Number of protein chains: 2
Amino acid sequence: MFAGAQISLYPMTDRFVTVILGSLSAMDPWRDRLRITTDDVSTTVIGPPEVLFPAVGALFLAAARQGGHVVLNATFSRGCPGEPDDPICIGAGLPVAPGAMTGLAEAALARLQDRPPAGIAVAAQIALYPLGEAQHMDGIWECIDFLKRSGVFATSKHFCTKLRGDADRVLQTIEQAFLGFAGPDRHIVLTAILSAGSPSQAKD
Amino acid sequence: MFAGAQISLYPMTDRFVTVILGSLSAMDPWRDRLRITTDDVSTTVIGPPEVLFPAVGALFLAAARQGGHVVLNATFSRGCPGEPDDPICIGAGLPVAPGAMTGLAEAALARLQDRPPAGIAVAAQIALYPLGEAQHMDGIWECIDFLKRSGVFATSKHFCTKLRGDADRVLQTIEQAFLGFAGPDRHIVLTAILSAGSPSQAKD
């Protein structure tokens, strides 16, 4: 399997370069298990999901803790048939068996851990794209059922679901949405926006 | 058909609220043919593609012309089976017939117009997701062939294609990538990042 993400960090401040550079060391605990390359639009992070998600989450939290309005935009992908298998992506494997279609929301809820909060309030917006599936909405509806019961569901929007809450719970929920609604033989994409410190009115 | 986008504008400046508010009037010429709602994470824009794309492009250009580093993040969607048909989405229709699978790259290239440049240099990153298709990579490969011949192809990255050039040509290319690789009976999502004024090294 090939797995990874394209991520971009957007600190809405004149000091954006300083905020970004000052956040990168937060990924260090996971760096030797990831392949990371950066250009002027995004950073490519290749590695297994259980390394990818904590590393990306830590990067966002490090930037958000510097204050102000910070957004992380991420596209997570696994199992793309256009990408080769890659040794760096070998990890713990996925929690869903090939072909499993029932009880996925319950199982994903059971995997959410009762951990100390990160202490950063975030809004997030995610969309799950199960590709190569004639009945792609089945997995999406099951995932939306999970999101509604995750404790951080905010509202349904066109094309996506909005979450709100402590960053740790929101990040765990996004990870389970990516992992838990298709087996390791499938091609899955999840897009996520994580936003902290927005001065705009929430409306949800 | 239902069509629309979730868009977010990220000006990397202390003045981000002023830049965003100062750009909104650029959408006015199309506003009566769109349904627009905004919250703290994104703006939902519902309407037919031939209205949606120029309106979103004008918003980004208005922000980019204010200088500094500005990013637009957008997810365009059409034909989602979870959304109802909506009268505001009735428009010119799509250029691809249901089931058409050949000559799509050539046809999309022929629809690119020789227009005056916008005068703003941009980098962009896009990914096309044909949903509800067992053979979803066929449309993706055809679209990548089109992108490589569009005149603004920069490089292939994991999970996406990078474009670079004048904003008008890049925006036209993104619109044709969304329109031109599946018929009106399909569910299509395209994600796009548009970036102007980045101080980072391009590397492509």
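Before reading on, note that the structure itself is shown above.
Keep in mind the model is a prediction, meaning the values are calculated, not measured. The residue numbering used here restarts from 1 in each chain and proceeds along that chain's sequence as written. Note on labels: chains are lettered from A, ligands numbered from 1, in written order. In keeping with the predicted nature of the model, local features appear solely for residues at pLDDT of at least 70, side-chain atom pairs appear and are counted solely at 80 or more, and the whole-chain, interface and lining totals rest on all residues. Based on all heavy atoms of the structure, the side-chain values leave hydrogens and waters out of the count.

Undergrad: So, the overall build of chain A: which residues are in play, and what are the values?
TA: Strands here are runs of E lasting at least two residues and helices are runs of H or I lasting at least four, both read from the DSSP assignment and numbered beginning at the N terminus. Counting secondary structure elements, chain A contains five helices and eight strands. Here the C-alpha atoms of chain A give a radius of gyration of 16 Å, agreeing with the 17 Å that 2.2 N^0.38 yields for 204 residues. For chain A, the spread of C-alpha atoms along the three principal axes comes to 50 × 40 × 30 Å. Only protein chains enter the accessibility calculation, which uses a 1.4 Å probe; a residue is then buried when its area is under 20% of its type maximum, exposed when over 50%, and partly exposed in between. A burial count over chain A gives 58% of its 204 residues as buried. Pairs of residues are marked as contacts when any of their non-hydrogen atoms sit within 4.5 Å. When contacts within chain A are restricted to residue pairs at least 6 apart in sequence, those whose partners lie at least 24 apart make up 79%. Two residue types count as positive, namely Lys and Arg, and two as negative, namely Asp and Glu; His and chain ends fall outside the count. By convention, the charge on Lys lies at NZ, on Arg at CZ, on Asp at CG and on Glu at CD. A distance of 6 Å separates the average location of the 16 positive side-chain charges in chain A from that of its 20 negative side-chain charges. Here the globule rule is a power law, 2.2 Å times the number of residues to the power 0.38, and the radius of gyration is based on C-alpha atoms.

Undergrad: Requested: an account of empty space enclosed by the protein, with residues and values cited.
TA: A cavity here means a set of points on a 1 Å grid, drawn over the protein atoms and nothing else, where a 1.4 Å probe fits but cannot get out; a pocket is an open set with protein on both sides within 12 Å along at least five of seven lines, and a residue lines either one if it has an atom within 4 Å of a point. Grid points are joined across faces, edges and corners, and a volume is the space filled by probe spheres set on the points. Tallied over the entire structure, the rule returns three cavities of 30 Å³ or more. In this model, the largest cavity occupies a volume close to 320 Å³. The wall of the largest cavity is formed by 30 residues, among which A:Asn73, A:Thr75, A:Thr191, B:Asn73 and B:Thr191 lie closest to the centre. Counting residues per element, the ones that place at least two in the lining of the largest cavity are strand E1 (3-11), strand E4 (70-78), strand E5 (121-131) and strand E8 (187-196) of chain A together with strand E1 (3-11), strand E4 (70-78), strand E5 (121-131) and strand E8 (187-196) of chain B. Partitioning the lining of the largest cavity into residue classes produces 17 nonpolar, 13 polar and no charged. Each residue is assigned to one class: nonpolar for Ala, Val, Leu, Ile, Met, Phe, Trp, Tyr, Cys and Pro, charged for Asp, Glu, Lys and Arg, and polar for all the others, Gly among them.

Undergrad: Tell me about helix H3 (residues 104-111) of chain B, residues and numbers included.
TA: Residues and elements named next belong to chain B. When we look at burial in H3, the residues that qualify are Leu104, Ala105, Ala108 and Leu109. Taken down its axis, H3 places every buried residue within 135 degrees of arc, on the same side. Buried-residue contacts for H3 involve helix H4 (136-148) and helix H5 (167-179). In this context, the arc is that of the directions from the helix axis out to the C-beta atoms.

Undergrad: Go over the interface of chain B and chain A with me, naming the residues and quoting the values.
TA: Contacts between the two partners involve 58 residues from chain B, matched on the other side by 58 residues from chain A. Computed with a 1.4 Å rolling probe, the buried area is the accessible surface lost when two parts are put together, summed over both parts. Carbon and sulfur atoms make up 64% of the surface buried where chain B meets chain A, a total of about 4,500 Å² over both sides. Definition used for salt bridges: Asp or Glu carboxyl oxygen within 4 Å of a side-chain nitrogen of Lys or Arg. Run the count over chain B and chain A and you get eight salt bridges. N or O atoms within 3.5 Å of each other form a polar contact, as long as, within protein, one can give a hydrogen and the other can take it, and as long as residues adjacent in sequence are counted only when both atoms are side-chain atoms. Inspection of the chain B/chain A interface yields 27 residue pairs in polar contact (both at pLDDT 80 or more). Taken together, the residues of the side of chain B that touches chain A break down into 26 nonpolar, 22 polar and 10 charged.

Undergrad: Give a description of the packing of helix H2 (residues 49-64) of chain B against H5(B) that names residues and reports values.
TA: Residue and element names in this part refer to chain B. Axis definition: a line fit to C-alpha positions, over the contact stretch in the case of helices; interaxial angles, taken between N-to-C directions, run 0 to 180 degrees. Running from amino to carboxyl end, H2 crosses H5 at an angle of 150 degrees, the nearest separation of the two axes being 11 Å. As judged from the angle between their axes, H2 and H5 are roughly antiparallel. Where H2 crosses over H5, the two elements pack in a sense that is right-handed. Here H2 contributes Pro49, Glu50, Phe53, Gly57 and Leu61 to the contact with H5, which in turn contributes Ala167, Leu171, Ile174, Glu175, Phe178 and Leu179. Residue classes in the contact of H2 with H5 are distributed as eight nonpolar, one polar and two charged. With respect to orientation, any angle under 35 degrees is reported as roughly parallel, any angle over 145 as roughly antiparallel, any angle of 65 to 115 as roughly perpendicular, and every other angle as oblique. We call a crossing left-handed when the near helix sits turned anticlockwise from the far one by less than a right angle, and right-handed when that turn is clockwise.

Undergrad: Requested: an account of the relation of the copies chain B and chain A, with residues and values cited.
TA: C-alpha atoms of residues with pLDDT of at least 70 in both copies form the basis for the least-squares superposition of the copies. Here chain B sits on chain A after a turn of 180 degrees about the axis and a move of 0.0 Å along it, with an RMSD of 0.0 Å. Such values leave the two copies arranged in the relation of a two-fold axis. Most of the interface of chain B is mirrored in chain A, where 100% of its interface residues again form contacts.

Undergrad: An account of the sheet that holds E4(B) is requested, with residue identities and associated values reported.
TA: Residues and elements named next belong to chain B. Pairs of strands are assigned from DSSP output, requiring at least two bridges between the strands. On the basis of which strands lie adjacent, the open sheet formed by eight strands has the order E2-E3-E1-E4-E8-E5-E7-E6 and antiparallel pairing. Pairing within the sheet leaves two strands with one partner each, and these edge strands are strand E2 (35-38) and strand E6 (153-157). With strand direction ignored, the average angle separating the axes of adjacent strands in the sheet is 20 degrees. In terms of strand pairing, E2 meets strand E3 (residues 43-46) through four bridges, oriented antiparallel. Each bridged residue has a counterpart across the sheet, and for Thr38 the counterpart in E3 is Thr43. Packed on one face of the sheet, H2 meets E1, E3, E4, E5 and E8 and runs near 170 degrees to E4.

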